[in-house]
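Below are the chains, spelled out letter by letter.
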Amino acid sequence: MARKALRLKAAAKPKFSARAYNRCPLCGRVRGFLRRFQMCRICFRFRSLRGEIPGVRKASW
């Protein structure tokens, strides 16, 4: 779990745009962030398998 201080730091607007980074709003993870869904890959996989994300289905071929 991300520390509270790091979540607050990511929420603040940085002085320079290059310093900004994305953080998952559900778990606070920085790496593996999917911009299209605004969450990390782990939360995305968990929520998509439960059917909570509209328009996303598990591939089967």
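Nothing here was measured: the structure is a model prediction, and the numbers come from that model.

S.K.: Please set out helix α2 (residues 41–49) residue by residue, giving values where relevant.
M.R.: Residues of α2 that are buried include every one of Cys 43, Phe 44 and Ser 48, and no others. Viewed end-on, α2 has its buried residues packed into an arc of 120°, placing them on one side of the element. The exposed set on the far side of α2, more than 90 degrees from its buried face, consists of Arg 45, Phe 46 and Leu 49. Residues of α2 that are buried in the fold lie against β1 (33–34) and β2 (39–40). Gly 51 occupies a position one or two residues after α2 and carries a positive phi of about 80°.

About the cut-offs
- Residues numbered from 1 in each chain as written.
- Predicted model: local features only at pLDDT ≥ 70, side-chain atom pairs only at ≥ 80, totals over all residues.
- Heavy atoms only, no water.
- Buried < 20%, exposed > 50% of the residue type's maximum accessible area, 1.4 Å probe, protein only.
- Helix = DSSP H or I, 4+ residues; strand = E, 2+ residues; numbered from the N terminus.
- Arc of directions from axis to C-beta.
- Contact = heavy atoms within 4.5 Å.

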